[in-house]
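Listed below, chain by chain, are the residues.
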Amino acid sequence: MAQEGKEQLRSNVASAIRDQIMARTVHPGDTLRLGQLAEQLGVSVTPVREALLLLTQDGWVRHEPNRGFRVAAIRRKDVEDTYLMWSTAEGEIAARAATRATSRDIDYLREIDRRIREADPEDGHLATELNSTLHHYVSVIADAPKLDWFARAASRLVPLQFPENFHVVPGWSEVNRTQHGPLVDALASGDVEAARSGTAAHFHGTGELLMQWLDSLDFWEEPDDLVAPRGPGRLAG
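Residues numbered from 1 in each chain as written. Predicted model: local features only at pLDDT ≥ 70, side-chain atom pairs only at ≥ 80, totals over all residues. Heavy atoms only, no water.

What follows deals with the packing of aromatic side chains. One pass over the structure, following the stated rule, counts four aromatic pairs. Where Trp 149 meets Phe 150, the ring centres are 5.1 Å apart and the plane angle is 85 degrees; that geometry is what we call edge-to-face. With relative accessibility at 47%, the residue Trp 149 sits in the partly exposed group. Ring pairing ties together the aromatic residues Tyr 83, Trp 86 and Phe 203, which thus form one cluster. (Phe/Tyr/Trp six-rings, centres within 6.5 Å; stacked < 30°, edge-to-face > 60°. Buried < 20%, exposed > 50% of the residue type's maximum accessible area, 1.4 Å probe, protein only.)

See the structure below:
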């Protein structure tokens, strides 16, 4: 139980630091100081260091020997690639779920979709919470833990986190209200290809909305000195 508490604290600290990066409280190239962050967040240095190592793995932060942790540049192409992998994984999860969904599963998904459609448009947090509930339950039906791992890993790389904030993206609320019904229909009919392609398109379209919004905010910062040098080409296999 204590270990779970430590992991939750690390996750919470990582989320708070990621929020600072997103809000441009800190910028690409800035040094992230452990003591200063610990004081800001009201925690000890240890969970801050663990959170920064986690963010390093996810590409938000760079760890430089003898220089500490620095904010990494967020490149548009990297987000495009993230959504390519995320939409592919979610499409395969839905395809698997289409072979396993029971009538009770479909009834539950339709109820969640109904609640999404009838939710107060002003309650963005409820909409995103219900969205996460629906997609999580599809992954439960699929029982494909490796695919789910890839999907969750991709979600950590997106510069706006579910379920807390995505409702602010222009156009997302309409997508959330209208696009889940056909996906549930595909699961109900056992149509594997429709479930796969429809879900992949759903996630890809969401990514396009996010990137268009970030474009409008002039979000991307890619200074030359922050772009990693290109390594040797990959051998054909």
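Okay, back to it.
Once that is clear, we can look at the pattern of salt bridges. Applying the stated criterion to the full structure yields 18 salt bridges. Put simply, Arg 70 and Glu 64 hold a salt bridge, and the shortest N to O gap is 3.1 Å. Of the residues examined, Glu 64 reaches a relative accessible area of 14% and is grouped as buried. With a shortest N-O distance of 3.3 Å, Asp 113 and Arg 117 are connected by a salt bridge. (Salt bridge = Lys/Arg side-chain N within 4 Å of Asp/Glu carboxyl O.)

Per the counting criterion, the structure on display carries one cavity of 30 Å³ or more. Size it by volume and the largest cavity reaches roughly 70 Å³. Lining the largest cavity, in full, are Ala 94, Leu 134, His 135, Val 138, Leu 183, Val 184, Leu 187 and Thr 199. Only α6 (124-142) and α9 (180-189) provide two or more residues apiece to the lining of the largest cavity. Considering only residue class, the lining of the largest cavity consists of six nonpolar, two polar and no charged. (1 Å grid on protein atoms, 1.4 Å probe; cavity = no way out; pocket = protein on both sides within 12 Å on 5 of 7 lines; lining within 4 Å. Points joined across faces, edges and corners; volume = space filled by probe spheres on them. Helix = DSSP H or I, 4+ residues; strand = E, 2+ residues; numbered from the N terminus. Nonpolar A, V, L, I, M, F, W, Y, C, P; charged D, E, K, R; others polar.)

Moving on: the pairing of strand β2 (residues 61-64). Note that β2 and strand β3 (residues 68-71) share four bridges and pair antiparallel. Bridging from a neighbouring strand, Val 61 pairs with Val 71 of β3. Connecting β2 to the next strand, β3, in antiparallel fashion are three residues, including Asn 66 with a positive phi near 70 degrees. (Pairing = 2+ DSSP bridges.)

The next thing to look at is the environment of Arg 96. Counting through the fold element by element, Arg 96 comes out in helix α4 (residues 76-98). The class of Arg 96 is partly exposed, set by a relative accessible area of 39%. In sequence terms Arg 96 and Asp 143 are 47 residues apart; their C-alpha atoms lie 8.0 Å from each other.

Let's shift gears to the pairing of β3. Pairing between strand β1 (residues 31-32) and β3: two bridges, direction antiparallel. Looking across to β3, one finds that Thr 31 is bridged to Arg 70.

Don't take any of this as a statement about function, it's just geometry.
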